[in-house]
Structures are given as C-alpha cells and as structure tokens.
Amino acid sequence: MWRVYAGGGVVTSVVLLGLPTGHSSAQSPPPRFAPTTCWVDGDWARDVRRECGWLIVPESRDRADTNTVRLAVEIFRAPEPTEPPRVFLHGGPGGPGGIRMYSEGIARSGSALHSDVVIYDQRGAGLSRPKLCPAYDTAGTSPAARRACIGELEAQGIDRRAYNTAASVADLIDLRRALGYVSWDIFAVSYGARLAQEAMARDGRAIRSVVLASPTARGFSSQAEQPLSTQRALERVFHACAGQSACHDAFPNTEEDFYAVYDTLTRAPAAVITERADSGRDTVWLDGKRFVDNVRDRLLNRPRMTVRRLPFLLQELRSGDRGRAAREIAGDGSGTAPDRALRSLVNCADHAISGRAYRTTLDSVNAIARPPFRRDADEACEEWVPQLGDDAMPAPVRSDNPILIVTGYFDDRTPTEQAQRIARAFSRAYMVEFPDEAHDTRPAACHAAIITQFFADPSRQPDTACVSAIPPIAFTTGWDTRGRGP
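Treat the numbers as computed from the prediction; the structure is a model and nothing was measured. (Residues numbered from 1 in each chain as written. Predicted model: local features only at pLDDT ≥ 70, side-chain atom pairs only at ≥ 80, totals over all residues. Heavy atoms only, no water.)

S.K.: So what's going on with unusual backbone geometry? Residues and values would help.
M.R.: In this model, Gly-92 is joined to Pro-93 through a cis peptide bond whose omega is 0°. Assignment of secondary structure puts Pro-93 in the loop between strand 4 (86-89) and helix 1 (97-109). A cis amide bond links Arg-129 with the next residue in sequence, Pro-130, at an omega value of 5°. When you line up the elements, Pro-130 lands in the loop between strand 5 (117-120) and helix 2 (143-155). The phi dihedral of Cys-133 is positive, around 50°, even though this residue is not glycine. (Helix = DSSP H or I, 4+ residues; strand = E, 2+ residues; numbered from the N terminus.)

S.K.: Before we move on, could you go through the sheet that holds strand 2 (residues 49-58) and cite the residues and values that matter?
M.R.: Ordered by their spatial adjacency, nine strands build an open sheet running 1-2-3-5-4-6-7-10-11, and the pairing between neighbours is mixed. The open sheet has two edge strands with one neighbour each: strand 1 (32-36) and strand 11 (429-434). Strand after strand, the sheet turns through a mean of 20° between neighbouring axes, direction not considered. The pairing of strand 7 (residues 207-213) with strand 10 (residues 403-408) spans four bridges and is parallel. Paired with Ala-213 across the strands is Val-406, a residue of strand 10. This element, helix 1, spans strand 3 (68-77), strand 4, strand 5 and strand 6 (184-189) of the sheet and lies at about 155° to strand 5. Lying over the sheet, helix 16 (residues 445-456) contacts strand 4, strand 6, strand 7, strand 10 and strand 11, oriented at roughly 165° with respect to strand 7. (Pairing = 2+ DSSP bridges. Axes fitted to C-alpha atoms, helices over the stretch in contact; angles between N-to-C directions. Contact = heavy atoms within 4.5 Å.)

S.K.: Got a sec to walk through the environment of Arg-218? Specific residues and values, please.
M.R.: As for its position among the elements, Arg-218 is in the loop between strand 7 and helix 5 (226-242). For the pair Arg-218 and Val-397, spaced 179 residues apart in the sequence, the C-alpha separation amounts to 7.1 Å. Apart from the residues lying within four places of it in its own chain, the contact partners of Arg-218 are Arg-194, Gln-197, Glu-198, Ala-201, Met-393, Pro-394, Ala-395, Pro-396 and Val-397. A distance of 2.9 Å separates a polar atom in the side chain of Arg-218 from a polar atom in the side chain of Glu-198. Here the side chain of Arg-218 touches Ala-395 through a polar contact of 2.4 Å, landing on its backbone oxygen. (Polar contact = N/O pair within 3.5 Å; in protein donor to acceptor, adjacent residues only side chain to side chain.)

S.K.: How would you summarise the pattern of salt bridges if you had to cite specific residues and measurements?
M.R.: Here the structure, examined in full by the defined rule, presents 35 salt bridges. Taking the shortest distance from any N to any O, the salt bridge between Arg-49 and Glu-51 comes out at 3.5 Å. Since its relative accessible area comes to 55%, Arg-49 is described here as exposed. We classify Glu-51 as partly exposed; its relative accessible area is 29%. (Salt bridge = Lys/Arg side-chain N within 4 Å of Asp/Glu carboxyl O. Buried < 20%, exposed > 50% of the residue type's maximum accessible area, 1.4 Å probe, protein only.)

S.K.: A description of the side chain of Arg-236 should follow, citing residues and the corresponding values.
M.R.: As for its placement among the helices and strands, Arg-236 is situated in helix 5. There is no salt bridge for the buried Arg-236, and the closest opposite charge comes from Glu-433, which lies 6.2 Å off by N-O distance. The contact partners of Arg-236, leaving out residues within four places of it in the chain, are Tyr-409, Phe-410, Asp-411 and Pro-415. (Lys, Arg positive; Asp, Glu negative; His and termini not counted.)

S.K.: Please provide a residue-by-residue account of helix 15 (residues 416-423), values included.
M.R.: Counting buried positions along helix 15 gives six out of eight residues, so the element sits mostly inside the fold. Against helix 4 (191-203), strand 7, helix 5, strand 10 and strand 11 lie the buried residues of helix 15.

S.K.: Go over the packing of aromatic side chains, please, and point to the residues and values.
M.R.: Under the criterion given, the structure shown has 14 aromatic pairs. On the numbers, 5.0 Å between centres and 40° between planes, the contact of Phe-88 with Phe-187 is tilted. Remark: Phe-187 occurs in strand 6 and Phe-88 occurs in strand 4; sequence separation between them is 99 residues. The interplanar angle of 5° and the centroid separation of 5.7 Å between the aromatic rings of Phe-258 and Phe-373 together place this pair among those described as stacked. Of the two residues, Phe-258 is situated in helix 7 (residues 254-267) and Phe-373 in the loop between helix 13 (356-368) and helix 14 (381-384); the sequence distance between them amounts to 115 residues. When sorted by exposure, Phe-258 lands in the same class as Phe-373, which is buried. (Phe/Tyr/Trp six-rings, centres within 6.5 Å; stacked < 30°, edge-to-face > 60°.)

Any link to function would need more than the numbers given here.
Next comes the structure, spelled out in structure tokens:
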C-alpha cells in the first residue's frame, strides 16, 4: 500500500466497497462506431498510424425514441504495444475537447508510444455533435440569453437532462466496448478526472490504472469551495514572492497591492482598450470581479509565464503604468468560457448548484473567505435542469486500482488539499505536487517522466527525485525593454 505524498502529507487507505457497474436501459438504440477521415492534420501526423471515427450513442439511454449524439474519436496505434491501451479524458466540462488539445503532442511521441492511445471529445464538447447553443458562448450571461439558449435546445429536441457525467461515463464504457478493449489505462485532467472516478465506480474491472491530474472530486463540490481555494492560491503566490529576496525587495506589499487594486476597481471600473484578432479594437470594463477572474486565469496552464509576472503587474496597477498593466491583465477581452451551455448543464446536474447541500457549503466557505473571492449561489440551475431531485453529492469512489494523482502548488481550481481528500478513498494512491505548476499545467520533463514510469508499471512507486530539483518560479521585476511585457 502506498502512503507517500511528495508534497509533505500522507495518503491514507480505506476498505474497498462494492460499486455498481454498467448503465441502466436496453431500450435505446445500441452504440456503434463509424470510421471517418481525421479532423485535424499536419506534418506531425505523417509518420504515425491513426484512425478516426464517430462513436454514435443514444442521447438518452432510458428512451427508445431518443436522438443520437456523435462523439469524435481518434486512435493512435503503437507500432509494437507493450502496455494496455490508454484513453485521455479532457477537462471542462466543454472546451476544445481532447482531439485538438492532445493529437499533435501524442503524434510527436511517434515510436515512443508503448500503447494504443485513444482521444475523444465528450458529448457536447469539441468536435462532437450536437453543439449546444454555440451563440451563447459570446451572448453574455443575462437571463434573456440563457432563456434563448434553452428555447433553442427545446426547438431542436435536445434533452437537457442527457448532458451530465452519468451520461458521459456511459459513453466512455460504450467506447471501450466498441473498440474491443477488455481493459485500459486512463489519463484524466480536471473535470475529466471527475469522469474517471465515475468510470472507476461503474467499470472498475476494466481499468488497470489511472492518472488523475488536477482532479475535480466526485464526493464534494469543488465549485462550492472555490472562494477559499482561490484565496489560498493567491496567498501562495504572495508567499512565494516574499520568499525571494529580489521579488520581496521590489514588491514588499504584494498582498496589500492586490486588495487595494480590487477595492479601487470595485469603486471605479476602468475602461481598457484591447486588440482582438476577430474584431479589432474593443473596450473591456475591468471591475473588481473581472480583475479577480483575470488574475485567476493566470493560474492556468503556464504559471512560469504568468504567475511570475503577477506581483509586478499588481504594483503597476496600484501605482505605476496602470493602463499598460490593465491591458495585460484584461487580455484581449475574449475570456468567455467555451461551451457555456454544456458547462452549465453538467455542473448543475453534478453539483446540484441550486440545492441545499451546495448552498450550505458555499455559505460556510463565504463566511471564511475575504470579499474579493466570495460568490453568490447560482440561481440559474432551476432553469437549466428543472426538478433536479436529490441535491446531495455522490459518495467518494472507493477503489483498489493503482492511482497516481498529480497537482500544482498554485492550483486554485483543484488544490492539493482537495486532491488529498480524493486520495483517501483509494487503497493504492500516490500523490505528487509540482512546486511550479497550477491547474492543468502541460507536463514538463519531470512531470512527464513520473507519469511514464507509473503507466509502465503501476504496481511500483515512481521515482520522484526530480521534483526536489525543480527550481522555483523566478518573479520578474520590470517591463521588458523591448515592449513585450515583464
């Protein structure tokens, strides 16, 4: 049993409990796989063997007269496979999907592939069809825009209750069966890790091992805990700056700067002129809420490029070149979440956001969190998915599958503390926290090497010595003289 936590904690074990498998209805039409030409291409695909197709599944598995949905699937074939096939589960819910995100990177692995690798776009996401209200992604969050989207879904005969994690895990099981795999490994990121936990609950015998990267939980709502998670992630940035003499000397009041900027923008939002690739110049109003959201965006994907600039930008926003810093913080004004309708449907169903349990957790978290991070309860779920029923979160998944959980020190969406709680339900879990990463950071050399070791032999603890050799993020202290930012 593994009990090591590279970030300084301990993963405990529990007894494995029996869990149901399969899905519920034989009334709907059977799934099928239809080969097609691949959607994305380039020089990188020249020397790899890959196959693409649509997994056609029922929209609703408990109705005989249901529509079907088409999931875009891409399979990379290993020249000489020595490991079980592997499926990638992208985050979201929604977004660009897995095919656009992962195809080129996997293809460039080339002969290094030791297993078949399956990528697919979950229902409603990426290249899969149908797309749910694409115009809603840019229509704003007003009640009128939301009702227009709901009306559009109803006019198209789309079942809003069929877009949730329960339906997506049934898709995943059908995909494994359609491709003829008896078992496989799972690599899952963010929301995809929530989906992977459902798969362990319902199809655990067909899963050899799982990597959960920046995992969202099954047994509690990370959304309800978001205010405090974001506050603590920013406090880690402030602490990291204070721990580096160059950063501390240049910005001795980083935390004070953040709250002062928030207060100023809350009282008097700033008009920021941005340059958008699709529409040219645009005006973005940077108020306190948007400021916090934009700062949170700097905790995604590439923190070595974004977190390192944050203390400098905060000071500039407070007492330096405010316009230039505001333009960098605000970006190009295109920060709306993709597939917003899909995300709302899934989150409403999974987190019961309008339910008592969610509100109780959110209220208790808001009571502790500081004002910039507090959130109001989302009242829209009663419109998105009426009559949700039970508002309780499901029990944590309990499994003896080998699990590797990887997290980032600066992650505010799925922080390490939450990952530790997820890990307690697994009897064979191993955790690694990377000191220079945030949420869903693309694996660098050490990170990738640990994952490769784990999949090569999940029964053994991977060597994590490289983690201690990762240098801290070096904070910048001024504008680049060539005009490209700090």
